[in-house]
Amino acid sequence: QVQLVESGGGLVQAGGSLRLSCAASGRTFSSTGWFRQAPGKEREFVAAIGWSGGSTYYLDSVKGRFTVSRDNPKNTMYLQMNSLKPEDTAVYYCAARFPPGLGSHPNEYNYWGQGTQVTVSS
């Protein structure tokens with residue numbers, strides 16, 4: 001059974017940092033990504049990373065602040081978030097897909113985690 005489990009969310013002040021983790025079980029995926037959803041808004045792409053870790057893709061507003069990485073032996077993906085802003089507040093979801101390539105739309109992903117809340121206070 002395939003399962004994605006996120007952890008690492010929480011409450012942080014603006015300018016602070018958090019690191020999200022996403023542990024996958026059941027199989028290894030070609031590409032994985034992070035999305036977020038704020039109240040009343042659609043789910044938004046944040047970052048994606050290919051299997052080797054050599055290819056990454058980011059939402060413009062998080063470039064230079066967020067870093068996506070993965071540890072394949074542990075089948076775990078990470079999202080390091082620095083210089084957090086109140087507008088980063090959302091539920092963050094990890095997602096995984098079988099085809100290669102860096103997808104940026106939710107429909108391009110096969111499996112999803114349950115989400116972890118990130119709240120940035122001003």
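Quick notes on the rules
Residues numbered from 1 in each chain as written. Predicted model: local features only at pLDDT ≥ 70, side-chain atom pairs only at ≥ 80, totals over all residues. Heavy atoms only, no water. Disulfide = S-S within 2.5 Å. Helix = DSSP H or I, 4+ residues; strand = E, 2+ residues; numbered from the N terminus. Buried < 20%, exposed > 50% of the residue type's maximum accessible area, 1.4 Å probe, protein only. Phe/Tyr/Trp six-rings, centres within 6.5 Å; stacked < 30°, edge-to-face > 60°. Lys NZ or Arg CZ within 6 Å of the ring centre and 35° of its normal. Core = buried A, V, L, I, M, F, W, Y, C linked by side-chain atoms within 4.5 Å. Contact = heavy atoms within 4.5 Å.

A. Spatial organisation of the state of the cysteines. Counting across every chain of the model gives one disulfide. Through a disulfide, cysteine 22 is tied to cysteine 94; the S-S separation comes to 2.1 Å. Around the S-S axis, the bridge from cysteine 22 to cysteine 94 shows a dihedral of about 55 degrees and counts as right-handed. Highlighted residues: cysteine 22 in strand E3 (residues 18-25) and cysteine 94 in strand E9 (residues 90-97), separated in sequence by 72 residues. A single burial state applies to cysteine 22 and to cysteine 94, both of which are buried.

B. Highlighting the packing of aromatic side chains. Counted by the stated rule, this structure contains six aromatic pairs. Ring geometry for phenylalanine 35 and tyrosine 109: centres 5.3 Å apart, planes at 80 degrees, overall edge-to-face. Taken together, the residues span a long stretch of sequence, with phenylalanine 35 in strand E4 (residues 31-37) and tyrosine 109 in the loop between E9 and strand E10 (111-112) at a distance of 74 residues. Of the two residues, phenylalanine 35 and tyrosine 109, neither departs from the other in class, the shared state being buried. Through a chain of ring-to-ring contacts, the aromatic side chains of Phe35, Phe45, Tyr57, Tyr109 and Trp112 assemble into a single cluster. Sitting over the face of the ring of tyrosine 93, arginine 43 holds its NZ or CZ atom 3.8 Å from the ring centroid. Note that arginine 43 overlies the ring of tryptophan 112, its terminal NZ or CZ placed 4.8 Å from the centroid.

C. Region of the structure containing the side chain of asparagine 75. Residue placement: asparagine 75 occurs in the loop between strand E7 (66-71) and strand E8 (76-81). For asparagine 75, a relative accessible area of 16% translates into the label buried.

D. The nonpolar core, seen in detail. In terms of nonpolar packing, the biggest core is built from 27 residues, with Trp34, Val46, Phe66, Val68, Leu79, Met81 and Tyr92 touching the most fellow members. When residues of this core are traced back to their parent elements, those giving at least two are E3, strand E5 (44-49), E7, E8, E9 and strand E11 (116-121). When neighbours within four sequence positions are excluded, valine 68 is seen to be in contact with Trp34, Ala47, Ala48, Ile49, Thr56, Tyr58, Met77, Tyr78 and Leu79.

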